[in-house]
Amino acid sequence: MDQLLAALADPERLQLYARIVLQDLPPREEDSPAARKHLGRLISAGLVECLPDGSLRADPAVFRRARPAEPAPSGVPRRLTGFFAHGRLTSIPVRPVVRRELLEHLTGTLFAADRSYTEREVNEAFRTVHDDTSALRRYCVDTGLLVRERDGSSYRRVTAVTV
């Protein structure tokens, strides 16, 4: 990916690439010395290919091939993988149904059903996946996945959580 970005870092080369992508390159404009130099760099980076008839083609698939595949977070339901990057929760879903599914997954994997947790322990557990621990804690209590003692001294996971 770095090679692709480096090839597009020069403004003139980027403009030439854009014109090739848009098929807006007048015939023989690529024959100028500067354009040949830039074109050579684009071709060597795999961004452009010269077809047998002499025309130029930009293949957008080069970006998909160059992107490193991110491993799917282990144990995360397929529907929720888009909310994770590098093992961390990147955002809390807005849709209540999806948010509930995420919260069920988190409470089922972060908390044992047979013990109580202090607020600090709950925050530490949530912090392993996301920095907004108070939002996660509040959502879990509001949806009934975690039960908080009246005095706020401890939290307990509801046993009906499925993972």
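Calculation notes
Residues numbered from 1 in each chain as written. Predicted model: local features only at pLDDT ≥ 70, side-chain atom pairs only at ≥ 80, totals over all residues. Heavy atoms only, no water. Helix = DSSP H or I, 4+ residues; strand = E, 2+ residues; numbered from the N terminus. Buried < 20%, exposed > 50% of the residue type's maximum accessible area, 1.4 Å probe, protein only. Contact = heavy atoms within 4.5 Å. Areas by Shrake-Rupley, 256 points an atom, 1.4 Å probe, with all protein chains shown as cover. Polar contact = N/O pair within 3.5 Å; in protein donor to acceptor, adjacent residues only side chain to side chain. Expected span 1.5 Å × (residues − 1). Axes fitted to C-alpha atoms, helices over the stretch in contact; angles between N-to-C directions. Parallel < 35°, antiparallel > 145°, perpendicular 65-115°, else oblique. Left-handed = near helix turned anticlockwise from the far one by under 90°. Nonpolar A, V, L, I, M, F, W, Y, C, P; charged D, E, K, R; others polar. Phe/Tyr/Trp six-rings, centres within 6.5 Å; stacked < 30°, edge-to-face > 60°. Lys NZ or Arg CZ within 6 Å of the ring centre and 35° of its normal.

Here's the deal with the overall build of the chain
Okay, so step 1: Helices and strands together make up the secondary structure of the chain, namely seven helices and seven strands.
Okay, so step 2: In sequence order, the chain lays out its α and β elements as α-α-α-β-β-α-β-β-α-β-α-α-β-β.
Okay, so step 3: Residues classed as buried in the chain amount to 34% of the 163 residues present.
Okay, so step 4: Counting only contacts in the chain whose residues sit at least 6 apart along the sequence, the fraction spanning at least 24 positions is 50%.
Okay, so step 5: Total accessible area on the chain stands at roughly 10400 Å², and carbon and sulfur atoms take up 52% of it.

Let's talk about the side chain of His130
Okay, so step 1: Mapped onto the elements, His130 comes out in the loop between helix 6 (119-127) and helix 7 (133-142).
Okay, so step 2: Classification of His130 by relative accessible area gives buried; the value is 13%.
Okay, so step 3: Polar contacts involving the side chain of His130 include one to the main-chain amide nitrogen of Asp132, which spans 3.0 Å.

Points about helix 5 (residues 96-110)
Okay, so step 1: Here helix 5 spans 20 Å end to end across 15 residues, near enough to the 21 Å set by a 1.5 Å rise per residue.
Okay, so step 2: For helix 5, every residue scored as buried is listed here: Val98, Arg99, Leu102, Leu103, His105, Leu106 and Thr107.
Okay, so step 3: Buried-residue contacts for helix 5 involve strand 3 (84-85), strand 4 (88-89), helix 6, helix 7, strand 6 (146-148) and strand 7 (155-157).

Here's the deal with the packing of helix 6 against helix 7
Okay, so step 1: Between helix 6 and helix 7, whose axes approach to 9 Å, the crossing angle comes to 110°. Judged on the interaxial angle alone, helix 7 and helix 6 are roughly perpendicular. The way helix 6 lies across helix 7 gives a crossing that is right-handed. Between helix 6, through Glu119, Val122, Asn123, Phe126 and Arg127, and helix 7, the contact on the second element is made entirely by Thr133, Leu136, Arg137 and Cys140.
Okay, so step 2: Each residue belonging to the contact of helix 6 with helix 7 can be placed in one class, and the counts come to four nonpolar, two polar and three charged.

Quick notes on unusual backbone geometry
Okay, so step 1: Positioned with a positive phi, His86 is a non-glycine residue whose angle comes to about 55°.
Okay, so step 2: Turning to its location among the elements, His86 is positioned in the loop between strand 3 and strand 4.

Description of the packing of aromatic side chains
Okay, so step 1: Here the structure, examined in full by the defined rule, presents two aromatic pairs.
Okay, so step 2: Their ring planes at 75° and their centres at 5.1 Å tell us that Phe111 and Tyr117 sit as a pair that is edge-to-face.
Okay, so step 3: For Phe111, a relative accessible area of 2% translates into the label buried.
Okay, so step 4: With 5.3 Å between their ring centres and 80° between their planes, Phe111 and Phe126 make a pair best called edge-to-face. Of the two residues, Phe111 sits in the loop between helix 5 and strand 5 (116-117) while Phe126 sits in helix 6, which places them 15 residues apart along the sequence.
Okay, so step 5: One aromatic cluster is present, built from ring pairs that chain together Phe111, Tyr117 and Phe126.
Okay, so step 6: When the ring centre of Tyr139 is taken as origin, the NZ or CZ atom of Arg99, which lies over that ring, is 4.4 Å away.
Okay, so step 7: The ring of Tyr117 carries the charged tip of Arg115 above its face, separated from the ring centre by 4.0 Å.

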